[in-house]
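For reference, the chains in residue letters:
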Amino acid sequence: MRTQVGIIGAGPAGLLLSHLLHLRGISSVVLEKRSRDYIERRVRAGVLEQGTVDTLVEAGVGERMLREGLPHHGIELRYGGAGHRIPFEKLVPGRAITVYGQQEVVKDLIAARLAAGGDVRFEVEDVEVHSLEPGSDTGPYVTFGGERLDCDVIAGCDGFHGVSRPSIPEDVLTVFEREYPFAWLGILANVTPSSEELIYARTDRGFALHSMRSPSVSRFYLQVPADTRIEDWPDERIWDELRARLENVPGFSLTTGEITEKGVTPMRSFVVEPMQYGRLYLAGDAAHIVPPTGAKGLNLAVADVRVLTEALAAYFSDGSTALLDGYSEACLKRVWRAQHFSWWMTTLLHTFEDEDAYGRRLQLSYLDYVTSSEAAATTLAENYVGLPYGS
Ligand code: APR
Ligand code: PHB
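Values in this document were obtained by computation on a predicted structure and should not be read as measured data.

**What to know about the site of ligand 1**
Now for step 1: In the vicinity of ligand 1 lie 25 residues, with Glu32, Arg42, Arg44, Gln102 and Asp285 positioned nearest.
Now for step 2: Between Arg42 and ligand 1, the recorded distance is 2.8 Å, taken from a side-chain N or O atom to an oxygen atom.
Now for step 3: The side chain of Gln102 places a nitrogen or oxygen atom 2.6 Å from an oxygen atom of ligand 1.
Now for step 4: Burial of ligand 1 by the protein chains amounts to 89% of its free accessible area of 710 Å².

**Details of the sheet that holds strand β4 (residues 70-72)**
Within a sheet, neighbouring strands are paired by backbone hydrogen bonds and run either parallel or antiparallel to one another.
Now for step 1: Ordered in space as β3-β7-β4, the three strands form an open sheet in which the pairing is antiparallel. Looking along the sheet, the strands with just one partner apiece sit at the ends: β3 (47-48) and β4.
Now for step 2: By the bridge criterion, two bridges tie β3 to strand β7 (residues 97-99) in an arrangement that is antiparallel. Each residue of the ladder has a partner; that of Leu48, found in β7, is Thr98.

**Description of the sheet that holds strand β14 (residues 206-214)**
Now for step 1: In spatial order, the strands read β6-β5-β13-β14-β15-β12-β16-β19; together these eight strands make up an open sheet with mixed pairing. Looking at the sheet topology across the chains shown, the edges are occupied by β6 (82-87) and β19 (288-289).
Now for step 2: The pairing of strand β5 (residues 74-79) with β6 spans six bridges and is classified as antiparallel. In the strand pairing of β6, Leu77 is matched with His84.

**A word on the pattern of salt bridges**
Pairing is possible between side chains of opposite charge, provided their charged atoms come close.
Now for step 1: All chains considered together, the criterion is met by 28 salt bridges.
Now for step 2: We note a salt bridge from Glu241 to Arg205, for which the minimum N-O separation is 2.8 Å. Taken together, the positions of Glu241 in helix α7 (residues 235-246) and Arg205 in the loop between β13 (199-203) and β14 put the pair 36 residues apart, joining distant regions of the chain.
Now for step 3: On the basis of relative accessible area, Glu241 is assigned to the buried category, the value being 12%.
Now for step 4: The network of salt bridges with shared partners includes Glu63, Arg64, Arg67, Glu68, Glu104, Lys107 and Asp108.

**Structural notes on the packing of aromatic side chains**
Now for step 1: The tally for this structure, following the rule as stated, stands at 15 aromatic pairs.
Now for step 2: Between the aromatic rings of Phe182 and Phe352, the centroid separation amounts to 5.2 Å while the plane-to-plane angle is 75°, which identifies the pairing as edge-to-face. Note that Phe182 is positioned in strand β12 (residues 174-189) and Phe352 in the loop between α10 (327-349) and α11 (357-372), a separation of 170 residues in sequence. You'll find Phe182 and Phe352 in the same group, each marked buried.
Now for step 3: Counting every residue linked through ring pairs, the aromatic cluster contains Phe88, Trp184, Tyr200, Phe207, Tyr221 and Tyr384.
Now for step 4: Lying over the aromatic face of Phe252, Arg78 brings its terminal NZ or CZ to 4.1 Å of the ring centre.
Now for step 5: One Lys or Arg, Arg148, reaches over the ring of Tyr141 and ends 3.6 Å from the middle of that ring.

**Structural notes on the site of ligand 2**
Now for step 1: Inspection of the region around ligand 2 gives 15 residues, with Tyr200, Ser211, Arg213, Tyr221 and Pro292 positioned closest.
Now for step 2: In this structure, Pro292 approaches ligand 2 through a main-chain N or O atom, which is 2.9 Å from an oxygen atom.
Now for step 3: In the complex, 100% of the free accessible area of ligand 2, which totals 280 Å², lies under the protein chains.
Now for step 4: Within the residue set of the shell around ligand 2, elements represented by two or more residues are β14 and β15 (217-225).
Now for step 5: No other element matches β14, which puts three residues into the shell around ligand 2.
Now for step 6: Taken together, the residues of the shell around ligand 2 break down into nine nonpolar, three polar and three charged.

**Section: unusual backbone geometry**
Now for step 1: Glu273 connects to Pro274 through a cis peptide bond whose omega is -10°.
Now for step 2: Along the chain, Pro274 falls in the loop between β16 (259-273) and β17 (276-277).
Now for step 3: The residue Glu123 is not glycine, and still its phi comes out positive at about 50°.
Now for step 4: The backbone of Ser131 sits at a positive phi, close to 55°, despite the residue not being glycine.

Each value, and the rule that gives it
Residues numbered from 1 in each chain as written. Chains lettered and ligands numbered in written order. Predicted model: local features only at pLDDT ≥ 70, side-chain atom pairs only at ≥ 80, totals over all residues. Heavy atoms only, no water. Near = heavy atom within 4 Å. Polar contact = N/O pair within 3.5 Å; in protein donor to acceptor, adjacent residues only side chain to side chain. Areas by Shrake-Rupley, 256 points an atom, 1.4 Å probe, with all protein chains shown as cover. Pairing = 2+ DSSP bridges. Helix = DSSP H or I, 4+ residues; strand = E, 2+ residues; numbered from the N terminus. Salt bridge = Lys/Arg side-chain N within 4 Å of Asp/Glu carboxyl O. Buried < 20%, exposed > 50% of the residue type's maximum accessible area, 1.4 Å probe, protein only. Phe/Tyr/Trp six-rings, centres within 6.5 Å; stacked < 30°, edge-to-face > 60°. Lys NZ or Arg CZ within 6 Å of the ring centre and 35° of its normal. Nonpolar A, V, L, I, M, F, W, Y, C, P; charged D, E, K, R; others polar.

Now the structure itself:
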């Protein structure tokens, strides 16, 4: 088998890349370890930056998102017994976010690929990448389940635990990493959201986030210790803790009900440099992870894929490698901005066990600054809705 771009992984990065390449007349095969059903149900984050929304719409895969997604023009920061709105419409006019689950984006992309006759293979076993070395005589190829796929280029879109990144010789890569001493316990519930906008709550019991998926489905997260077992959190305990962390401003009461999904997500910051080796290019979580507090993971994957698409289009049209050679550098600027923003939001809003009283005062002082100074609030808002591409 032969294709121009072998894509490992059918998350948002791999699927969007395959679709954008198809629009440029470039062939690809997507190889995914899990079943279609599994990846369409996998609940992840759900905040799309303006640029992500625009990208999906321009690519013709935004129709359902525009219909069912919830545009939001602000978020609330809640702490010290009061809520403070960060008004995007005032601070970053014309830019907003759309709340739409990542697995819905995945469903839309799979449907678009299959409708266009795209080659997306699920439940593919033992994927390995070969012959990556720069200047190697044979082109790169991928083996899987007894088959071989020859390609001009391989895109490693297989997430943090994939095979692509570990296939790069260790001495080529520099890893930048930070772990956090806590995780997020996330739930989906069949309850009407108790707020029109997302609430990021900092309390002495830990952080809580009220998000949503639709007018009848809410999504919540609780900061929990890193070694938390979901079995120790029956539904009633989750609701009690959410009430304790959210029902602390006058007039707010949390609507509770049936929980349909529960999970614990570890928190990590991670970047590998460079994001490429020979004819292998990493995109999305395969190259970098952010803690979910800034809601940047999916949006960064989309930004990488846009850059890679342009570089591959140039390469396949006239053989020029300048954009491909500069791929990593072109992505890393935005990657590091999102790293900083996600680390900053995380540090601002979570409780840290080893934090002393001085550190807690600094945190509260910064929250007061962000919620009272237009300059500081604008910093949060422009990063949250996403900086323009190329900046
Ligand atoms: N072979 C084939 N597929 C693999 C392999 C492998 N060895 N290892 C992992 N995969 C698949 C996973 O099953 C998954 O479907 O690669 C896909 C990677 O998708 P994501 O983890 O969703 O990563 P990405 O597409 O980069 O999207 C980034 O996803 O993790 C969230 O928060 C993150 O929102 C961000 C977004
Ligand atoms: C979500 O809705 O899943 C969500 C929202 C905001 C975040 C993270 C996750 O910062």
